[in-house]
Amino acid sequence: MPVAGLTRTWHRLRFAVPRQAVEEISNLCFEQGSCGLETREDAGLSQLTAWFPVEANMAEVRHRLAAQLIAEGIDGIAIEAGLEEERDWIREWRRFFKPVWATPRIVVHPSWTRVDTNPGEIAIAIEPEMAFGTGGHESTQLVLEAMEAVPSMVGSACLDLGTGSGVLAIAAALMGARAVVAVDIDQIAVENAERNIELNLRSSPPSLPHGGERRPWPQVMRGSVEIVAGQRFDLILANLESQILRPMLTQLGELLSADGVVIFSGLLARERSGFRQSLREAGLTESEVYAKGDWICCAAGRTSTVQAGRG
Ligand SMILES: C[S@@+](CC[C@H](N)C(=O)[O-])C[C@H]1O[C@@H](n2cnc3c(N)ncnc32)[C@H](O)[C@@H]1O
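Now for a look at the structure at hand. Quantities reported herein were computed from a predicted structural model and do not represent experimental measurements. (Residues numbered from 1 in each chain as written. Predicted model: local features only at pLDDT ≥ 70, side-chain atom pairs only at ≥ 80, totals over all residues. Heavy atoms only, no water.)

## Concerning the sheet that holds strand E13 (residues 284–292)
What counts, and what does not: If DSSP finds at least two bridges between two strands, the strands pair. Secondary structure elements follow DSSP: runs of H or I of four or more residues count as helices, runs of E of two or more count as strands, with numbering from the N terminus. Angles here are taken between N-to-C directions and fall from 0 to 180 degrees, while the axes themselves are lines fitted to C-alpha atoms, restricted in helices to the stretch in contact. When checking whether two residues touch, look at their non-hydrogen atoms; a contact exists if any pair is within 4.5 Å.
In spatial order, the strands read E10-E9-E8-E11-E12-E14-E13; together these seven strands make up an open sheet with mixed pairing. Each having just a single partner strand, strand E10 (219–222) and E13 make up the two edges of the open sheet. In this sheet, adjacent strand axes meet at a mean angle of 15° when their direction is disregarded. Strands strand E11 (233–239), strand E12 (256–268), E13 and strand E14 (295–302) of the sheet are contacted by helix H4 (residues 138–149), whose axis makes an angle of about 120° with E13. In the packing of helix H9 (residues 272–281) onto the sheet, contacts are made with E12, E13 and E14, and the angle to E13 comes to roughly 155°.

As structure tokens, this is what we get:
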């Protein structure tokens, strides 16, 4: 048992699954209360390790996991269970964080590594904490790719919903947004985003590359769509999962300026048609889709605007 103030203990499950089942099984682990997951590729299989709080009902978790594996047609998987003392996650995580070219023009790199860039390229430094957004995940990379294609990026008022490390808010500021608001429900993310904004924008040249106004300083707030109700944005970046996004689609539509664009990410390719239907019901229409591996990202606008544009 963990003792308050001393080392924490976690349940650990370890097992191997075929690569194509990783997303599904990882989601299931999170639904069952997993607070951390690690995947390693090994001889065509993915070795998954999932950690759960010591209070979790592990008999129930293992039962559900076994049922899901059978439903996926995966038989005879041995699940190794154990208890583990807390590790220094941030230190471990730092060892694996290397510069990553998220798009051919945008590199995201650790704050302690310098990356030389050519004119027109953007380097974003990230101090990794426990917040998501070091540029290595397809869902982040797809938003950056979609942002590069948004014609109205320069001079836009931008909302980064679920900012995590702040990587997209920083990108928006560096790509010419006029104003940026970044929100997240997680206090750790809010603090990490503020730190990364400081790191990237404090010493960078004050004027925008196109010679426009001063670079904006993203405003970071803890919360979700409700804290920006009544405001209008030309660009909304929303890298969240579909089950989080769906209930807020109508509210997001209301935050959009007439010609505004929302970039949704964190969607699996197989969710595309269902999500497109949810967009329609919320008065939004998909205008562009970007794909990478199992992930997709889509740009959408208000239905009346997108249809008028197509007409
Ligand atoms: C997948 S990460 C995206 C991080 C970063 N924007 C990126 O693209 O790399 C999603 C973030 O959304 C936050 N989040 C989850 N649900 C949310 C909600 N309902 N409203 C605002 N933020 C939320 C999480 O705390 C997490 O930091």
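## Let's talk about the site of the ligand
Here is the rule: Any residue with a heavy atom positioned within 4 Å of a molecule or strand is treated as near that molecule or strand. Whenever a nitrogen or oxygen atom comes within 3.5 Å of another N or O atom, the pair is scored as a polar contact, on the condition that within protein one atom can donate a hydrogen and the other can accept it, and that pairs from neighbouring residues in sequence are kept only if both atoms are in side chains. Shrake-Rupley sampling with a 1.4 Å probe provides the accessible areas, and residues are treated as covered by the protein chains on show and by no other component. Under the scheme applied, nonpolar residues are Ala, Val, Leu, Ile, Met, Phe, Trp, Tyr, Cys and Pro; charged residues are Asp, Glu, Lys and Arg; polar residues are all the others, including Gly.
If you check the shell around the ligand, you find 17 residues, and the closest are Thr140, Gly162, Asp184, Ser224 and Asn239. Contact between the ligand and Thr140: an oxygen atom at 2.7 Å from a side-chain N or O atom of the residue. Ser224 places a side-chain nitrogen or oxygen 2.7 Å from a nitrogen atom of the ligand. Surface burial for the ligand is 85%, taken as the share of its 600 Å² of free accessible area covered by protein chains. For the shell around the ligand, the class distribution of residues is seven nonpolar, eight polar and two charged.

## Section: the sheet that holds strand E1 (residues 9–18)
Across the sheet, which stays open at both edges, the four strands sit in the order E2-E3-E1-E4 with antiparallel pairing between neighbours. With partners counted over all chains shown, the strands left at the sheet margins are strand E2 (36–42) and strand E4 (80–85), one partner each. Each adjacent strand pair in this sheet contributes to an overall mean axis angle of 25°, direction not counted. In this sheet, strand E3 (residues 45–53) lies alongside E2 in antiparallel orientation, the contact comprising seven bridges. Bridged to Glu41 within E3 is Ser46. Across the sheet, helix H2 (residues 58–71) touches E1, E3 and E4, and the angle it forms with E1 is around 10°.

## A closer look at the packing of aromatic side chains
Cut-off, in case you're wondering: Only rings of Phe, Tyr and Trp enter the pairing, Trp through its six-membered ring, and a pair is recorded when the two centres are within 6.5 Å. The plane angle decides the type: under 30 degrees is stacked, over 60 is edge-to-face, the rest tilted.
With the rule as written, the count across this model stands at two aromatic pairs. Where Phe97 meets Trp112, the ring centres are 6.2 Å apart and the plane angle is 90°; that geometry is what we call edge-to-face. With Phe97 in the loop between helix H3 (89–96) and strand E5 (100–101) and Trp112 in the loop between strand E6 (106–110) and strand E7 (122–126), this residue pair connects regions lying 15 residues apart in the sequence.

## Brief notes about the pattern of salt bridges
Spelled out, the test is: The salt bridge criterion pairs a side-chain nitrogen of Lys or Arg with a carboxyl oxygen of Asp or Glu, the two atoms within 4 Å. Exposure categories follow from relative accessible area, calculated using a 1.4 Å probe and restricted to protein chains: below 20% of the type maximum is buried, above 50% is exposed, and the middle band is partly exposed.
Inspection of the entire model under this criterion finds 13 salt bridges. Taking the shortest distance from any N to any O, the salt bridge between Arg105 and Glu148 comes out at 3.0 Å. In this pair, Arg105 is assigned in the loop between E5 and E6 and Glu148 in helix H4, connecting sequence segments 43 residues apart. According to the relative accessible area criterion, Arg105 is partly exposed, its value standing at 33%.

## Focus: the state of the cysteines
Quick reminder of the rule: Here, the term disulfide refers to a pair of cysteine sulfur atoms separated by no more than 2.5 Å.
Tallied over the full model, the rule gives zero disulfides. Cys298 forms no disulfide, and the closest cysteine sulfur to it belongs to Cys297, at a distance of 6.7 Å. Judged by relative accessible area, which is 2%, Cys298 ranks as buried.

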